[in-house]
Amino acid sequence: MNKKRKWLTSLVLAIGLCVTGAQSAFGAFWNLSGDIVVHDPTIIKEGNTWYTFSTGQGIQLLKSSNGTNWTRANQVFSSPLSWWKTYVPNQSTNDLWAPDIEYFNGRYWLYYSISSFGSNTSAIGLTSTTSITSGNWRDDGLVTRTTSSNNYNAIDPTLTIDKDGNPWLAYGSFWSGLKLTRVDASTMKPTGTLYSIASRPNNGGAVEAPTIIYRNGYYYLFASFDSCCQGVNSTYKIAYGRSANITGPYVDKNGTSMMNGGGTIMDSGNAVWKGPGHQDVYNNIIIRHAYDATDNGTPKLLINDLNWDAQGWPTY
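Residues numbered from 1 in each chain as written. Predicted model: local features only at pLDDT ≥ 70, side-chain atom pairs only at ≥ 80, totals over all residues. Heavy atoms only, no water.

Going by the annotation in an unreviewed UniProt entry, the name recorded for the protein chain is Endo-alpha-(1->5)-L-arabinanase, with Paenibacillus vortex V453 given as the source organism. According to the UniProt record, the Pathway (unreviewed entry) comment for the protein chain reads "Glycan metabolism; L-arabinan degradation." (UniProt positions renumbered as here; feature names shortened; annotations may be inferred.)

Caption draft 1: Inspection of the pairing of strand β3 (residues 49–54) at higher detail. Among the 6 residues in β3, 5 count as buried, and that is most of the element. In textbook terms, the turn of a hairpin is the stretch between consecutive antiparallel strands, and for strand β2 (residues 42–46) and β3 this stretch comprises 2 residues, one of which, G47, has a positive phi near 60°. Where β3 and strand β5 (residues 60–64) come together, 5 bridges link them in antiparallel fashion. When the bridges of β5 are listed, F53 appears paired with L61. (Buried < 20%, exposed > 50% of the residue type's maximum accessible area, 1.4 Å probe, protein only. Helix = DSSP H or I, 4+ residues; strand = E, 2+ residues; numbered from the N terminus. Pairing = 2+ DSSP bridges.)

Caption draft 2: Region of the structure containing the UniProt feature "active site" (unreviewed entry) in the protein chain. Per the UniProt annotation, the sites labelled "active site" (unreviewed entry) are D40 and E208. In sequence the annotated residues extend across 169 residues, while in space they remain close, none of their C-alpha pairs exceeding 11.2 Å. The residue D40 is located in the loop between β1 (33–34) and β2 in this model. Apart from residues no more than four positions distant in its own chain, D40 is found in contact with F53, S54, T55, A98, P99, H278 and H289. For D40, the side chain forms a polar contact with the side chain of T55, separated by 2.6 Å. Here E208 shows up in strand β15 (residues 207–215). (Contact = heavy atoms within 4.5 Å. Polar contact = N/O pair within 3.5 Å; in protein donor to acceptor, adjacent residues only side chain to side chain.)

Caption draft 3: Representation of the state of the cysteines in the model. Within the structure shown, the criterion is met by 1 disulfide. The residue that forms a disulfide with C228 is C229, at a sulfur-sulfur distance of 2.2 Å. The sign of the S-S torsion, about -60°, decides the handedness of the disulfide formed by C228 and C229: left-handed. (Disulfide = S-S within 2.5 Å.)

Caption draft 4: Region of interest: the sheet that holds strand β8 (residues 107–114). With antiparallel pairing, the 5 strands of this open sheet are ordered in space as β4-β7-β8-β9-β10. Looking along the sheet, the strands with just one partner apiece sit at the ends: β4 (56–57) and β10 (138–146). Pairing between strand β7 (residues 95–104) and β8: 6 bridges, direction antiparallel. By the bridge assignment for β8, I101 is matched with L110.

See the structure below:
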């Protein structure tokens, strides 16, 4: 991945993994410093610079020269776009959620959510650029939307590229669960069928934040279960399943379908890091936020190397 990695000694690795609450873990826990306050992070590298986008005013942005020491940069949108209120009248001014940054066909595509808490009157927007460093973002407008008449929620978007090079968009939060649709490779907007890929009918619908990657014949769906946004009282956790087809069915280690509430838990936090979730997978790392119990529940960035066990399941 051509990154300047800060390798840890065995002792520090063991301590770091204990802190993150990982079990049967083998991947290094990155020792982060600087400004690491984030919520719903997504990560990418352009040249020698790392970027993390996250929920907040105008989409918050952190940057790093080595992936471990972070500073805050200018937010993506300095002021609200006029069309946001057309679809989400109750949106707080310039408050944008759960972005996803991906590189495809010569552009960096940044999807983001427009909503208000507890509502599915929501919209997914898109902005793009040929260079994050330039700071020149093009408004690509509305991607998709939901209203109170829909049984799903158009937030928490994530772009994934299938094994044949075709782009897909996954999204969803609570209600009937996570959705997936093909997107046009030119417009990067939906075309065709909307598939259901995960739901939790017996848990109040508490699933959101899909991330899909392809590896060795399987598509892996990572999702966040239960509740975020309550500081140290958050019950967020990361779960996963896999499928031979991008449209599913996704099943966990026990063979339970993620459409029926299945999902193997990867990270449920511990006494220090509460409610880890809204994960993003980039190359061979996994990032997420968790609430720091030693700092009044402030949400912060966590990064681990992502490894795989002998059966092809992900692990820290």
